Amino acid sequence: MIHHLGPFVFGMLILVILTVVNILMLRFLNKAWWQKKIIRLAVMLLPVVGFIGSAIWWAGYQYKIIWMSKTGSVVLIFIVISLLALMLALPVSGLLNIISAILEKRRLRSAADKSNNVNLQRRNLLKGAAAALPLITLSTGGGGVAQSFQKTNVYTRPMTFPNLPPQLDGFRILHVSDSHLGIYRFLSDYEEIFADVAEYEPDLVLLTGDISDNLTLLPDALKIAASLKPRFGAFASLGNHEYYRGITQVLKSFDSGSVELLRASGKTIDVDGAALYLAGCDDPVRIHGLNHEFLGDSIDKAIDGKPSKAFTVLMSHRPEGLDPAADRNIDLVLSGHTHGGQAGINGRSLWSAFTDRYLWGHYSRNNSQMYLSAGIGHWFPFRLGCPPEAPIIELTAKIDS
């Protein structure tokens with residue numbers, strides 16, 4: 001049965017749009033380049049190769065042939081990134097070429113040798129810059145694609161809390177989010193991550209949604225997570241993709257698996273006499289116009305019955321859960337969903353400078369803290385300075401100076 005065509009149809013649509021835009025920019029902004037047959041041929045061939053890559057990707061996905069799926073997806077995304085890089089570079093290159101042409105006309109009109117030399121130098125500099133821009137954007141795009149397939153970064157991330165019960169000092173929580181298995185990540189990737197995690201001996205494993213886009217992989221993914229056998233178990237919360245792919249099948253996988261799903265519910269865990277309350281927020285499913293009231297109501301249900309002095313950890317796939325969580329004095333929120341914006345610098349999302357949204361990293365509000373993971377998977381395989389990650393959150397007590 002043919003299903004899950006969305007990503008592939010979307011990819012082909014993007015190919016068509018980017019190809020048309022690039023042809024228009026070459027014809028009207030870079031006329032001299034468009035007149036070269038090899039450039040016209042390259043622009044025409046790129047989408048053809050992309051369509052072939054998309055077909056290979058879809059076939060591999062349908063028949064669970066991992067090498068085919070990976071190969072096709074890499075080919076498709078490389079072509080998309082190449083066209084996108086050209087689209088960003090061509091307007092600037094076109095402007096530089098126009099300025100270069102103006103300088104050439106002035107040089108030909110001028111009779112002064114000195115002026116000729118100056119204009120010629122400027123023209124050559126502009127022509128060089130115009131030619132270099134597409135190469136720079138293409139290489140950057142290629143680097144971003146390559147980084148999206150790099151090994152997941154498993155590391156310890158200490159987070160300090162005042163009044164942390166001494167029994168929880170040094171407590172380790174593995175935070176796995178947004179693996180999106182079946183698209184670009186597969187069970188072999190999951191196994192590798194949990195093998196790397198084993199040496200850290202986490203006390204608790206938390207999966208904060210969007211685990212698998214191919215639901216046939218979900219039962220085995222849950223087995224892999226549970227096989228780590230952390231002292232206090234493995235738990236999960238729902239993301240929007242669990243709903244997109246089929247919530248009924250997802251719930252059946254959890255019911256028969258050994259990872260407990262917390263869906264607007266919670267559980268008290270006794271850690272050597274200290275109460276750790278673990279809560280799971282449900283997902284509002286909607287992409288735009290996020291309903292904060294929904295998140296608040298879901299959190300209220302999840303913390304109903306929480307011991308008054310328990311250290312509380314909330315799994316909220318949506319990072320916007322921090323706001324209602326802070327109003328309810330929840331100590332730690334673990335989130336995903338954003339993939340870190342898939343571009344970053346110095347451990348922060350590149351887009352943080354342009355928005356006040358929660359995107360990647362550590363945030364705090366009132367007495368609540370959140371770690372928003374960049375996740376281990378993605379729908380669009382491009383990561384630049386934002387590597388896939390599975391952080392191990394280590395709780396530490398605040399030491400008064």
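What counts and how
- Residues numbered from 1 in each chain as written.
- Predicted model: local features only at pLDDT ≥ 70, side-chain atom pairs only at ≥ 80, totals over all residues.
- Heavy atoms only, no water.
- Axes fitted to C-alpha atoms, helices over the stretch in contact; angles between N-to-C directions.
- Helix = DSSP H or I, 4+ residues; strand = E, 2+ residues; numbered from the N terminus.
- Parallel < 35°, antiparallel > 145°, perpendicular 65-115°, else oblique.
- Contact = heavy atoms within 4.5 Å.
- Nonpolar A, V, L, I, M, F, W, Y, C, P; charged D, E, K, R; others polar.
- Salt bridge = Lys/Arg side-chain N within 4 Å of Asp/Glu carboxyl O.
- Buried < 20%, exposed > 50% of the residue type's maximum accessible area, 1.4 Å probe, protein only.
- Phe/Tyr/Trp six-rings, centres within 6.5 Å; stacked < 30°, edge-to-face > 60°.
- Lys NZ or Arg CZ within 6 Å of the ring centre and 35° of its normal.
- Pairing = 2+ DSSP bridges.

Peer 1: Got a minute to help me understand the packing of helix α6 (residues 187-197) against helix α7 (residues 218-226) in this structure?
Peer 2: When two helices pack together, you describe them by how their axes are tilted relative to each other and by the distance separating the axes. Across the interface, α6 lies against α7 with an axial gap of 10 Å and an inter-helix angle of 10°. When the axis of α6 is compared with that of α7, the two are roughly parallel. In this structure, α6 uses Leu-187, Tyr-190, Glu-191 and Phe-194 to contact α7, whose residues at the interface are Asp-220, Ala-221, Ile-224 and Ala-225. Its residues assigned to classes, the contact of α6 with α7 shows 6 nonpolar, no polar and 2 charged.

Peer 1: Can you walk me through the side chain of Thr-208 in this structure?
Peer 2: Tracing the chain through its elements places Thr-208 in strand β3 (residues 204-208). The residues contacting Thr-208, other than those within four sequence positions of it, are His-175, Val-176, Ser-177, Ser-237, Met-315, His-317, Leu-334, Ser-335 and Gly-336.

Peer 1: Explanation requested: the side chain of Ser-298 in the structure shown.
Peer 2: Along the polypeptide, Ser-298 turns up in helix α9 (residues 292-302). For Ser-298, the contacting residues outside a window of four places in its chain are Ala-264, Cys-281 and Asp-282.

Peer 1: Would you explain the pattern of salt bridges in this entry?
Peer 2: Under the criterion given, the structure shown has 13 salt bridges. With a closest N to O distance of 3.3 Å, Lys-151 and Asp-196 form a salt bridge. Of this pair, Lys-151 sits in the loop between α5 (113-148) and β1 (153-161) while Asp-196 is found in helix α6, placing the two residues 45 residues apart along the sequence. According to the relative accessible area criterion, Asp-196 is partly exposed, its value standing at 21%. Arg-231 is the salt-bridge partner of Asp-272, the closest N and O atoms lying 4.0 Å from each other. Residue Asp-272 is found in the loop between β6 (265-271) and β7 (274-280), and its partner Arg-231 is found in the loop between α7 and β4 (234-237); the two are separated by 41 residues along the sequence. There is no split in this pair, since Asp-272 and Arg-231 are both exposed. Here the residues in one salt-bridge network are Asp-203, Arg-231 and Asp-272, joined through shared partners.

Peer 1: Quick question: what am I supposed to make of unusual backbone geometry here?
Peer 2: Comment: phi is negative for the bulk of residues other than glycine, and the bulk of peptide bonds are trans. Phi at His-337 is positive, roughly 80°, even though this residue is not glycine. Mapped onto the fold, His-337 is located in the loop between β9 (332-335) and β10 (344-345). By relative accessible area, which is 22% here, His-337 ends up partly exposed. Within the chain, Gln-342 stands out as a residue other than glycine whose phi angle is a positive 60°. Relative to the elements of secondary structure, Gln-342 occurs in the loop between β9 and β10. Look at Gln-342 and you get buried, because its relative accessible area is 12%.

Peer 1: What should I look at first to understand the packing of aromatic side chains in this one?
Peer 2: Working definition: an aromatic ring pair is given by the centre-to-centre distance plus the angle between the planes. A complete count under the given rule lists 6 aromatic pairs for this structure. Centre to centre, the rings of Phe-161 and Phe-311 are 5.1 Å apart; their planes meet at 85°, and the pair counts as edge-to-face. Placement of the pair is Phe-161 in strand β1 and Phe-311 in strand β8 (residues 311-315), with a sequence separation of 150 residues. Neither residue differs from the other here; Phe-161 and Phe-311 are each classed as buried. Taken together, a centroid distance of 5.0 Å and an interplanar angle of 70° make the contact between Tyr-358 and Tyr-363 edge-to-face. For the pair Tyr-358 and Tyr-363, one class covers both residues: buried. When the ring centre of Tyr-363 is taken as origin, the NZ or CZ atom of Arg-348, which lies over that ring, is 4.6 Å away.

Peer 1: Could you clarify how one ought to interpret the sheet that holds β6 in this entry?
Peer 2: Pairing between the strands of a sheet is mediated by backbone hydrogen bonds and can be parallel or antiparallel. One open sheet holds the 6 strands; their spatial order is β6-β7-β8-β9-β13-β12, and the pairing between them is mixed. The sheet terminates laterally at β6 and β12 (361-365), the two strands that pair on one side only. The mean angle between the axes of side-by-side strands here comes to 20°, regardless of whether they run parallel or antiparallel. Strand direction decides the pairing type here: β6 and β7, joined by 7 bridges, are antiparallel. Paired with Gly-266 across the strands is Ala-279, a residue of β7.

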